[in-house]
Amino acid sequence: MNFETSEITAQVAQIARDFANKQIKPHVMEWDESQEFPVHIFKQLGELGMMGVLVPEQYGGAGLTYFEYKAIIEEIAKVDGSIGLSVAAHNSLCTGHILSFGNEEQKQRWLPKLATAEWIGAWGLTEPNTGSDAGNMKCTATKDGDNWVLNGTKNWITHGRSGDVAVVICRTGEPRSKNNATAFVVERGTAGFSGGKKENKLGMRASETAEMVFDNCVIPDANRLGEVGEGFKQSLVVLDGGRISIASLALGIAKGAYEAALQYAQERHQFDKPIASFQGISFKLADMATEIEAANLLTLQACDLKNRKQPVTKVSAMAKYYASEVSVKVSNDAVQIFGGYGYTKDFPVEKHYRDSKLCTIGEGTSEIQKVVISREVLK
């Protein structure tokens, strides 16, 4: 095992860190309060290659590995989890699905625009009444000659309104039957495809979350990804990589909260001493540092397996589950260390606290991660 960070990973992390501090940090609370989805930021990230991190250079991407991808998400999430979330969703879900399951014509058609952020991507699996129960989807695709007709609604979709292109998983068989879902690519502007309600969220407020509505939306069979009936199987593979994204996102939020708390504990004085000198505070910092390091190692292991194209389901679920729970705990402890100041919007930890909770819900709840992990260990 080699725990040394490679030169390329360190360089990419530094670029992401500099960008986050210069272009994102000054506007964090402004975007949070207004719930603005700052599209121009993602265009700039696209110019840096950070919206097509894993996409091969032949399709306009950066052609990097999961180690660099993890570093980018972390560095951005340290400053603003919501921007990190949108970068992750664009890269691992929409772009990742086309990269993994598109044919050559489809890759040439969509990946260059996604990799450069000329187009923003969305990915639709979840519905109002089917979160983890994806086999009972109501959004359907019906074959009509050489076309498919899509009807239904997807919700909790990152970039559901603003995305230029979406990968959508629709039911093409009977409810709960085997192999009953198929993946399609739908471009914004297609008749019958529209954005619906935008959610008013606790955290991650600068990352747009909205409905996607399909009303007799007709798309050609050329927009189908893979074979009919493979949609849910494809989604499970996509989510394996997506869990690494959320683990990295959770790590970034946790590190941002921890670093703020560490600095504050050394600057804040009570009884003529920095509060870091009190055991009640120093032990919190010790726990935070240890749990972040453990989550980091789990996530690196998942990245390594993914890079080597080894089975990653168990470890990516472990990394996502543990890192997201650590993120909530660390952010909570950071607020506690700041005391009353931590409960105000004058300091960053209250936002880390709000943002962290999404990591235990999105792309499979902590409870679902336990289902995935237990199935793997009981094989």
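Residues numbered from 1 in each chain as written. Predicted model: local features only at pLDDT ≥ 70, side-chain atom pairs only at ≥ 80, totals over all residues. Heavy atoms only, no water.

Caption draft 1: Local environment of the environment of R188. You can see R188 is positioned in the loop between β5 (181-187) and β6 (193-198). Once the C-alpha coordinates of R188 and S162 are considered, the two residues, 26 residues apart in sequence, prove to be 8.7 Å apart. Ignoring sequence-local partners within four residues, the contact set of R188 consists of H159, G160, R161, S162, G163, D164, V165, F193, S194 and G195. Engagement of the side chain of R188 in a polar contact is seen with the backbone oxygen of G160, the distance being 2.8 Å. Looking at R188, its side chain comes within polar contact range of the main-chain oxygen of R161, at 3.2 Å. (Helix = DSSP H or I, 4+ residues; strand = E, 2+ residues; numbered from the N terminus. Contact = heavy atoms within 4.5 Å. Polar contact = N/O pair within 3.5 Å; in protein donor to acceptor, adjacent residues only side chain to side chain.)

Caption draft 2: Examining the pattern of salt bridges more closely. Scanning the model with the defined rule gives 20 salt bridges in all. For K329, the salt bridge identified is with D333, shortest N-O distance 3.3 Å. With K329 and D333 both in helix α9 (residues 313-338) and 4 residues apart, the pair spans about one turn of that helix. K329 gets classed as partly exposed once you look at its relative accessible area, which sits at 35%. Linking E376 and K379 is a salt bridge whose minimum nitrogen-to-oxygen distance equals 3.1 Å. (Salt bridge = Lys/Arg side-chain N within 4 Å of Asp/Glu carboxyl O. Buried < 20%, exposed > 50% of the residue type's maximum accessible area, 1.4 Å probe, protein only.)

Caption draft 3: Focus on the side chain of T299. With respect to the helices, strands and loops of the structure, T299 is situated in helix α8 (residues 279-307). Residues within four places of T299 in sequence aside, it is in contact with K70, I244, A247, S248, L251 and A319.

Caption draft 4: Structural view of helix α7 (residues 231-267). Helix length check: α7 (37 residues) gives 53 Å between terminal C-alpha atoms against 54 Å at 1.5 Å per residue, within 8%. Its axis deflected by about 25 degrees at D240, α7 carries its strongest bend there. (Expected span 1.5 Å × (residues − 1). Bend = angle between axes of the 7 residues up to and from the residue.)

Caption draft 5: Expanded view of the packing of helix α5 (residues 81-101) against α7. Relative orientation of the contacting elements α5 and α7 amounts to 160 degrees, with a least axis distance of 9 Å. With respect to each other, α5 and α7 are oriented roughly antiparallel. Read as a crossing pair, α5 and α7 show a hand that is right-handed. Facing G81, G84, L85, A88, S92, L93, H97 and F101 of α5, the residues of α7 in contact are Q234, S235, V237, V238, G242, S245, I246, L249 and I253. A breakdown of the residues in the contact of α5 with α7 according to their chemical character gives 9 nonpolar, 8 polar and no charged. (Axes fitted to C-alpha atoms, helices over the stretch in contact; angles between N-to-C directions. Parallel < 35°, antiparallel > 145°, perpendicular 65-115°, else oblique. Left-handed = near helix turned anticlockwise from the far one by under 90°. Nonpolar A, V, L, I, M, F, W, Y, C, P; charged D, E, K, R; others polar.)

Caption draft 6: Up close: the layout of surface pockets. The volume enclosed by the largest pocket comes to roughly 1300 Å³. Residue lining of the largest pocket: 42 residues in total, with T126, I361, G362, E363 and G364 positioned closest to the centre. Sorting the residues of the lining of the largest pocket by element identifies α5, β1 (121-124), β3 (147-158), α7 and α11 (366-377) as the ones contributing at least two each. The leading source of residues in the lining of the largest pocket is α7, at 7 residues. (1 Å grid on protein atoms, 1.4 Å probe; cavity = no way out; pocket = protein on both sides within 12 Å on 5 of 7 lines; lining within 4 Å. Points joined across faces, edges and corners; volume = space filled by probe spheres on them.)

Caption draft 7: A look at the pairing of strand β4 (residues 165-171). Burial of β4 is extensive: 7 of the 7 residues sit out of reach of the surface. Pairing between β4 and β5: 7 bridges, direction antiparallel. Paired with C170 across the two strands is T182, which belongs to β5. (Pairing = 2+ DSSP bridges.)

Caption draft 8: Representation of the pairing of β1 within the structure. Burial along β1 is two-sided: G121 and W123 and A122 and G124, pointing in opposite directions, are all buried. Two elements, β1 and β4, share 4 bridges in a ladder whose sense is parallel. Considered in β4, the bridge of W123 is made with V167.

Note that all results are geometric; they support no functional claim without further evidence.
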